[in-house]
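Overview (structure and organization)
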Amino acid sequence: MIEENSKTDIENPDLICPITFEIFHDPVIAKDGHVYEREAITRWILQHGTSPLTRQPLQINDLQPDDRLRHLAHQGRNSTVSYNAHNASIILPPLRRLSININARVAPEQTSNLTRITRQ
């Protein structure tokens, strides 16, 4: 079961860079108060010298990493299916290996929530 807070964080549009429209990998906070993907905002600043959202002057040296958003974006990438419009690719979450002990004995009161596993 997914806790409501973690589900909200993963689906949060604040995890998307306003320049690339992709989930953050290396988010940074700029002096304009907005968060950007480091590579995208660095390229923007080198070309324009301003914020893409407020047009305030920005400097690369003023960018600060946002570790909380980096962690939340990592969770989002690893738990959702995403579509990359740049190269028309679909990204699936990693598979998780579940280990099931089919020889384990289960008490009768526990069997109501179990799914039957059959070998083919």
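Our subject is the structure listed above.
Parameters at a glance
- Residues numbered from 1 in each chain as written.
- Predicted model: local features only at pLDDT ≥ 70, side-chain atom pairs only at ≥ 80, totals over all residues.
- Heavy atoms only, no water.
- Core = buried A, V, L, I, M, F, W, Y, C linked by side-chain atoms within 4.5 Å.
- Buried < 20%, exposed > 50% of the residue type's maximum accessible area, 1.4 Å probe, protein only.
- Contact = heavy atoms within 4.5 Å.
- Pairing = 2+ DSSP bridges.
- Helix = DSSP H or I, 4+ residues; strand = E, 2+ residues; numbered from the N terminus.
- Axes fitted to C-alpha atoms, helices over the stretch in contact; angles between N-to-C directions.

Counting residues in hydrophobic clusters, the biggest one holds 15 residues, and the most contacted among them are Phe 24, Ile 41, Leu 63 and Leu 69. The residues contacting Leu 63, other than those within four sequence positions of it, are Val 28, Ile 29, Ala 30, Ile 41, Thr 42 and Ile 45.

Across the sheet, three strands lie side by side as 2-1-3; this open sheet has antiparallel pairing. The open sheet terminates on both sides in strands that have one partner only, identified here as strand 2 (35–37) and strand 3 (64–65). Relative to strand 3, strand 1 (residues 27–29) is paired through two bridges, and the arrangement is antiparallel. For Val 28, the partnering residue across the bridge sits in strand 3 and is Pro 65. Lying on the sheet, helix 2 (residues 38–48) is in contact with strand 1, strand 2 and strand 3; it crosses strand 2 at an angle near 95°.

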